[in-house]
Amino acid sequence: MALQVVALVYCLILAALFLGIWLYYDHRDHARFEIERRKTTFRCARCGKLYAAQGVLDLGTCPHCGQENARLQF
Ligand SMILES: [Zn+2]
């Protein structure tokens with residue numbers, strides 16, 4: 001019984017470790033990708049269209065209907 005608990009804890013630690021590594025690389029690659037692109041993606045709240053603006057912005061005007069939208073959070 002104790003051996004099973006040890007094995008379970010070991011598996012959980014391994015899983016947490018891999019999850020941590022995966023999250024770290026995912027976040028790092030995403031940040032690097034964002035810097036390289038220097039573009040901000042928006043989704044229009046009025047017409048639902050996706051569009052991008054040059055630079056890192058908090059607000060972007062929809063080219064389809066003129067609605068101001070906050071940038072997408074990933
Ligand atoms: Zn729009």
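Residues numbered from 1 in each chain as written. Predicted model: local features only at pLDDT ≥ 70, side-chain atom pairs only at ≥ 80, totals over all residues. Heavy atoms only, no water.

Some thoughts on a nonpolar patch on the surface
Stage number 1. Where nonpolar side chains cluster on the molecular surface, the patch consists of Tyr10, Leu14, Leu17, Phe18, Ile21, Tyr24 and Tyr25 and spans about 760 Å² of accessible area.
Stage number 2. Residue placement: Ile21 occurs in helix 1 (residues 2–37). (Patch = residues over 30% accessible without salt bridge, like charges linked within 9 Å, V, L, I, M, F, W, Y side chains within 5 Å. Areas by Shrake-Rupley, 256 points an atom, 1.4 Å probe, with all protein chains shown as cover. Salt bridge = Lys/Arg side-chain N within 4 Å of Asp/Glu carboxyl O. Helix = DSSP H or I, 4+ residues; strand = E, 2+ residues; numbered from the N terminus.)

Observations regarding the coordination of the zinc ion
Stage number 1. Surrounding the zinc ion are the protein donor atoms Cys44 (SG), Cys47 (SG), Cys62 (SG) and Cys65 (SG), which sit 2.3 Å from the metal.
Stage number 2. Metal-centred angles of 102 to 119 degrees between the 4 donor atoms at the zinc ion mark the site as tetrahedral.
Stage number 3. Positions of the donor residues of the zinc ion along the chain correspond to the pattern C-x2-C-x14-C-x2-C. Here the residue Cys44 occupies a position in the loop between strand 1 (39–43) and strand 2 (50–54), and Cys65 occupies one in the loop between strand 3 (59–61) and strand 4 (68–70), the gap between them amounting to 21 residues.
Stage number 4. Of the residues examined, Cys44 reaches a relative accessible area of 1% and is grouped as buried.
Stage number 5. The class of Cys65 is partly exposed, set by a relative accessible area of 29%. (Donors = N, O, S within 2.8 Å, 3.2 Å for Na, K, Ca; no water. Tetrahedral: all angles 85-135°; square planar, octahedral: opposite > 155°, others 65-115°. Buried < 20%, exposed > 50% of the residue type's maximum accessible area, 1.4 Å probe, protein only.)

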